Amino acid sequence: MMEKFELDPDLQEEIRAKVFGDGFMKLVQSVRRGGVNFRISLRPVMIGGEKRFQAEMVDGGNVQVKNLAPGDVPAGLDEILAQKGARDLHLMCGDGDLHVRVTRKGRAHVSRSGKMERKVSVLPHDRVKNLPLEAFDSSALLRVTGIADGSGAIRASMRGKYNQVNEFLRMVAGTVKPADPEAGFVAVDCGCGKAYLTLALYFYLRSAMGLKRVSVIGVDRRGDVIGAARKMAEQLDVSDEVRFIESDLAKVELEKANLVVSLHACDTATDEALAKGVEWKAEYVLSAPCCQHELQSHMSKERNADFAGLLRQSILRERFATF
Ligand SMILES: C[S@@+](CC[C@H](N)C(=O)[O-])C[C@H]1O[C@@H](n2cnc3c(N)ncnc32)[C@H](O)[C@@H]1O
């Protein structure tokens, strides 16, 4: 005797067979509980050349991602199938879709699309490569950092940050050429702020460049942004690989870093990042400077008559200091 809300065992078997079959693209289940939408999705992804299954749980506004090894998927799928309550399940495969709608009374309505011939690919290099953030599966990263909205579209207010991160990763792609992708690789983001670049850098080095043993450290002196960054790393299931240190840059001591980056680290923080790159014996130091207020204060047009034309206007003075 089946319990209320339980899916028919044959239907469950059909779903399991499709998820473990070659044509599996994505499974999404939405449940509405107490006025809050809970959505879980599962799809195959390639991470550093290995096949994984990415489970994304959205509970109201909270997003949590887990990258499951294939062996952990059966238990995860059983949990999804065992969920109770009114829900919608949508299974997408290369040869067609399956919809299951479970009503509030617990009745399941099943519908199937016609036969399809969709190309199924989970290889990152099949994706558009013009933008570094499109060279790997960045959808969870963009959603969790708030660069994209719940539907995956880049928010208008975050377009500038999206472009900055892409440009920075382009620089990384053109510069960082580790001899051995299996060797440990440590990157430090100085003045990481809300960790847009820190987290993107981790996924880019790991998933797009295929470095197997990457760890990334974000440093910022503001406790609030470090707290938020740690939470995002947890949500993305990478808190062992991406760590955050709340500290003034000058006080951070490390034996060695391979790559030191800073993106708009304000005032003298860019100079401190460069100094740390030398101290930590980094092979690569990449920095997009910021306002350089301290330097600007020494750049009066009276004391630098030769550059008076450049120093008169604040915007020109700022750009001049940056260079
Ligand atoms: C303009 S924000 C840029 C944040 C981030 N890199 C980005 O592009 O989104 C600069 C960050 O540098 C941090 N910062 C400035 N000086 C610092 C210092 N000396 N040590 C650590 N963090 C510093 C600030 O707290 C701030 O979060």
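In what follows, the structure referred to is the one given above.
Residues numbered from 1 in each chain as written. Predicted model: local features only at pLDDT ≥ 70, side-chain atom pairs only at ≥ 80, totals over all residues. Heavy atoms only, no water.

Student: Even after reading the chapter, I still don't get the sheet that holds strand E8 (residues 184–190), so can you show me in this structure?
Tutor: Two pairing modes exist for strands in a sheet, parallel and antiparallel, and in both the strands are linked by backbone hydrogen bonds. Here we have five strands laid out as an open sheet, ordered E10-E9-E8-E11-E12, and parallel in their pairing. Strands at the two margins of the open sheet, each flanked by one partner only, are strand E10 (242–246) and strand E12 (284–288). Averaged over all adjacent pairs, the angle separating strand axes in this sheet is 15 degrees, with direction ignored. As judged from the five bridges shared by strand E9 (residues 213–220) and E10, these two strands associate in the parallel manner. For glycine 218, the partnering residue across the bridge sits in E10 and is phenylalanine 244. Strands E9 and E10 of the sheet are contacted by helix H6 (residues 223–235), whose axis makes an angle of about 165 degrees with E10. (Pairing = 2+ DSSP bridges. Helix = DSSP H or I, 4+ residues; strand = E, 2+ residues; numbered from the N terminus. Axes fitted to C-alpha atoms, helices over the stretch in contact; angles between N-to-C directions. Contact = heavy atoms within 4.5 Å.)

Student: Teacher, can you tell me more about the environment of valine 261 here?
Tutor: Looking at the secondary structure, you find valine 261 in strand E11 (residues 259–263). Each C-alpha atom, one on valine 261 and one on cysteine 190, is 6.2 Å from the other, the two residues being 71 residues apart in sequence.

Student: What should I look at first to understand the sheet that holds strand E6 (residues 96–102) in this one?
Tutor: In spatial order, the strands read E4-E3-E2-E1-E5-E6-E7; together these seven strands make up an open sheet with antiparallel pairing. Two strands in the sheet have a free side with no partner beyond their single neighbour: strand E4 (62–68) and strand E7 (108–112). When the angles between neighbouring strand axes are averaged without regard to direction, this sheet yields 15 degrees. As defined by bridge partners, strand E1 (residues 24–33) adjoins strand E2 (residues 36–47) across seven bridges and the pair is classed as antiparallel. Counted as the bridge partner of arginine 33 is valine 36 from E2.

Student: It is not clear to me how the packing of helix H1 (residues 9–19) against helix H2 (residues 73–81) should be interpreted in this structure. Could you clarify?
Tutor: Two quantities define a packed helix pair, namely the angle between the helix axes and the distance between the axes. In contact at an axis separation of 11 Å, H1 and H2 are set at 140 degrees when each is read in the N-to-C sense. Relative to H2, H1 is oriented oblique. The handedness of the crossing between H1 and H2 comes out as right-handed. Facing Gln12, Ile15, Arg16 and Val19 of H1, the residues of H2 in contact are Val73, Leu77, Asp78 and Leu81. (Parallel < 35°, antiparallel > 145°, perpendicular 65-115°, else oblique. Left-handed = near helix turned anticlockwise from the far one by under 90°.)

Student: Which parts of the structure should I look at to understand unusual backbone geometry?
Tutor: Apart from glycine, the bulk of residues carry a negative phi angle, and the bulk of peptide bonds sit in the trans form. Even without being glycine, phenylalanine 5 reaches a positive phi, approximately 75 degrees. Locating phenylalanine 5 in the fold gives a position in the segment before H1. Phi is positive for aspartate 237, close to 65 degrees, though the residue is something other than glycine. Along the chain, the position of aspartate 237 falls in the loop between H6 and E10. Overall, aspartate 237 belongs to the partly exposed group, its relative accessible area being 28%. (Buried < 20%, exposed > 50% of the residue type's maximum accessible area, 1.4 Å probe, protein only.)

Student: Just checking my understanding: could you explain the nonpolar core for this structure?
Tutor: Where a protein is soluble and globular, its nonpolar side chains tend to be buried together. By size, the foremost hydrophobic cluster in this structure holds 50 residues, and its most contacted members are Leu133, Leu199, Leu201, Leu205, Leu236 and Leu259. For this core, the element with the most residues is helix H5 (residues 196–208), which contributes nine residues. Residue-level mapping places this core at the junction of two domains, with at least three residues from each of domain 1 (9–122) and domain 2 (125–290). Leucine 133 has contacts with Ser138, Leu141, Leu142, Tyr162, Val165, Asn166, Leu169 and Ala200, leaving out every residue within four places of it along the chain. Within the second largest apolar cluster, 24 residues are counted, among which are Leu11, Met57, Cys93 and Val102. (Core = buried A, V, L, I, M, F, W, Y, C linked by side-chain atoms within 4.5 Å. Domains from an automatic or database assignment.)

Student: How should I be thinking about empty space enclosed by the protein in this particular structure?
Tutor: Regions of empty space are outlined by a rolling probe, equal in size to a water molecule, passed over the atoms. For the structure on display, the rule yields one cavity of 30 Å³ or more. Size it by volume and the largest cavity reaches roughly 120 Å³. Where the lining of the largest cavity is concerned, the elements lending two or more residues are E2, E4, helix H3 (139–144) and H5. Sort the elements by how many residues they give to the lining of the largest cavity and E2 lands first, with three residues. Residue composition of the lining of the largest cavity, grouped by class: nine nonpolar, four polar and one charged. No fewer than three residues from each of domain 1 (9–122) and domain 2 (125–290) sit in the lining of the largest cavity. (1 Å grid on protein atoms, 1.4 Å probe; cavity = no way out; pocket = protein on both sides within 12 Å on 5 of 7 lines; lining within 4 Å. Points joined across faces, edges and corners; volume = space filled by probe spheres on them. Nonpolar A, V, L, I, M, F, W, Y, C, P; charged D, E, K, R; others polar.)

Student: What is the right way to read the side chain of glutamine 83 from this model?
Tutor: Secondary-structure assignment places glutamine 83 in the loop between H2 and strand E5 (87–93). Other than its neighbours up to four places away in sequence, glutamine 83 contacts Gln29, Val31, Arg33, Phe38 and Ile40.

Function-wise, these values are silent; they only describe arrangement.
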